[in-house]
Amino acid sequence: MSNAVKIEKFDLIRLEMPLVRPFRTSFGVEYSRDVLLLKVTTDVGIGWGECVSGRDPLYSPEYVDGTIDVLKRYLIPRVFQPGEVFAEDVASLLGPIRGYPMAKSVIESALLDAVISGLPDPVVALEEDGRVISFNAGAAALAPALRRGDLASIALRMPELIEAIHAARASGKPQRIEFSARIPSVRWSEAFVAPVLIPGRDSVVVITVHDLTPIHRVEAMRADFVANVSHELRTPLAALTGFIETLQGPARDDPAARERFLGIMRDQAWRMARLIDDLLSLSRIELRAHQRPDKPVDLVP
């Protein structure tokens, strides 16, 4: 979360989620759990933080009502300030408030989620134990099975990527890999896996994926183009070689054959010249492909 964000709005949403089966405790039987969602709207995207807790202070040290009170009275006002907020500032802003790690984590997770959601490339943030903290729409499209709180290895079915995650966590150094997927279509990607230190919490592993499919397709097209051009050049060259050998041999003293063969050789030579001119034109176009235009263009016919 190294980018700066400008916070525009905080929303607290409380939900009551029924349990699959009753949960017995020393205080009674629980039939549901309260879920507190924190939605933060920023200039780069919308982020969500989640807090699952009990409703009774005897059952949970950070019960829902208490967490809502701490967020509204102490934590949100410290972060919700004019101007931009940097990731490295969040911990120092929340630090003077003692305790309440769950409430602080909700804000940090929401802000991290907002930054990630605004990134164009697929991005996934993981806890130190490999569980998913946050991911954006691009990552969801790449790995639809991603779920917050689940191990990333469940959703990321790329062995190379899983090995890179383990290597980054073990060494503390960024890792870069390339991998491909053939379902639903062949695609090539590169991934950067880097441990990121966020003040106030454990190390976070951030995975960024770039799509290399267009580059690979261009390289394949280039290889096909070279093969086709080689074939086209080989045909007139073979014709010229054959006619030269004929003129040096059986048709040495045959003026009529010589004139006819020379005409064919001229046509083949022009064919080669046209192919070379086309190649030079394509080369000039590629050289100027990334040059910014320096002359005005009239778009009105």
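Caption draft 1: Up close: the overall build of the chain. A tally of helices and strands in the chain yields eight helices and eight strands. Buried residues in the chain amount to 34% of all 301 residues. When contacts within the chain are restricted to residue pairs at least 6 apart in sequence, those whose partners lie at least 24 apart make up 48%. As displayed, the chain offers around 19,000 Å² of accessible surface, 57% of which is attributable to carbon and sulfur atoms.

Caption draft 2: Structural view of helix H6 (residues 159–171). Taking 1.5 Å of rise per residue, the 13 residues of H6 would be expected to cover 18 Å, and the 18 Å separating its terminal C-alpha atoms lies within 8% of that figure. Looking at H6, one finds that the buried residues are Leu 161, Ile 162, Ala 164, Ile 165 and Ala 168. With its buried residues spanning 160° around the axis, H6 presents them on a single face. Exposed residues pointing more than 90 degrees away from the buried face of H6 are listed as Pro 159, Glu 163 and Ala 170. In the segment just after H6, Gly 172 is the residue with positive phi, at about 75°.

Caption draft 3: How the structure looks around the sheet that holds strand S7 (residues 187–196). In space, the five strands of this open sheet follow the order S5-S4-S8-S7-S6, with antiparallel pairing throughout. Whereas interior strands pair on both sides, the edge strands pair on one side only; in this sheet they are strand S5 (132–135) and strand S6 (175–181). Direction aside, neighbouring strands of the sheet carry axes that sit 20° apart on average. Strand direction decides the pairing type here: strand S4 (residues 123–126) and strand S8 (residues 204–211), joined by four bridges, are antiparallel. When the bridges of S8 are listed, Leu 126 appears paired with Val 205. Here H6 sits on the sheet and contacts S4, S6, S7 and S8; the angle it forms with S6, its principal contact strand, is near 170°. Strand contacts of helix H7 (residues 213–248): S6, S7 and S8, with the helix running at about 140° to S7, the strand carrying the most contacts.

Caption draft 4: Layout of the pattern of salt bridges. Overall, the coordinates contain 10 salt bridges when judged by the stated rule. When the shortest N-O distance is used, the salt bridge between Asp 129 and Arg 131 registers 3.6 Å. For Asp 129, a relative accessible area of 44% gives the class partly exposed. Arg 266 serves as the salt-bridge partner of Asp 267, at 4.0 Å between the closest nitrogen and oxygen. Residue class for Asp 267 comes out partly exposed when judged on its relative accessible area of 40%. Taken together, the shared-partner salt bridges in this structure form one network comprising Arg 14, Asp 34 and Asp 65.

Caption draft 5: The arrangement of the nonpolar core in detail. In terms of nonpolar packing, the biggest core is built from 24 residues, with Leu 75, Ile 107 and Leu 111 touching the most fellow members. Residue assignment for this core shows that the elements contributing at least two residues are strand S1 (7–25), strand S2 (28–42), helix H1 (64–79), helix H2 (87–94) and helix H3 (101–117). Every residue in contact with Ile 107, bar those within four places of it in the chain, is listed here: Leu 38, Leu 71, Leu 75, Ile 76, Val 79 and Leu 94. In terms of nonpolar packing, the next biggest core, distinct from the first, is built from 22 residues, Leu 126, Ala 143, Ala 152 and Ala 191 among them.

Caption draft 6: Spotlight on the environment of Phe 192. By the secondary structure assignment, Phe 192 is in strand S7. C-alpha separation for the pair Phe 192 and Val 123, spaced 69 residues apart in sequence, amounts to 9.7 Å. For Phe 192, the residues in contact, after removing those within four places along its chain, are Gln 175, Arg 176, Val 206, Ile 207, Thr 208 and His 210.

Reading the values: rules and limits
Residues numbered from 1 in each chain as written. Predicted model: local features only at pLDDT ≥ 70, side-chain atom pairs only at ≥ 80, totals over all residues. Heavy atoms only, no water. Helix = DSSP H or I, 4+ residues; strand = E, 2+ residues; numbered from the N terminus. Buried < 20%, exposed > 50% of the residue type's maximum accessible area, 1.4 Å probe, protein only. Contact = heavy atoms within 4.5 Å. Areas by Shrake-Rupley, 256 points an atom, 1.4 Å probe, with all protein chains shown as cover. Expected span 1.5 Å × (residues − 1). Arc of directions from axis to C-beta. Pairing = 2+ DSSP bridges. Axes fitted to C-alpha atoms, helices over the stretch in contact; angles between N-to-C directions. Salt bridge = Lys/Arg side-chain N within 4 Å of Asp/Glu carboxyl O. Core = buried A, V, L, I, M, F, W, Y, C linked by side-chain atoms within 4.5 Å.

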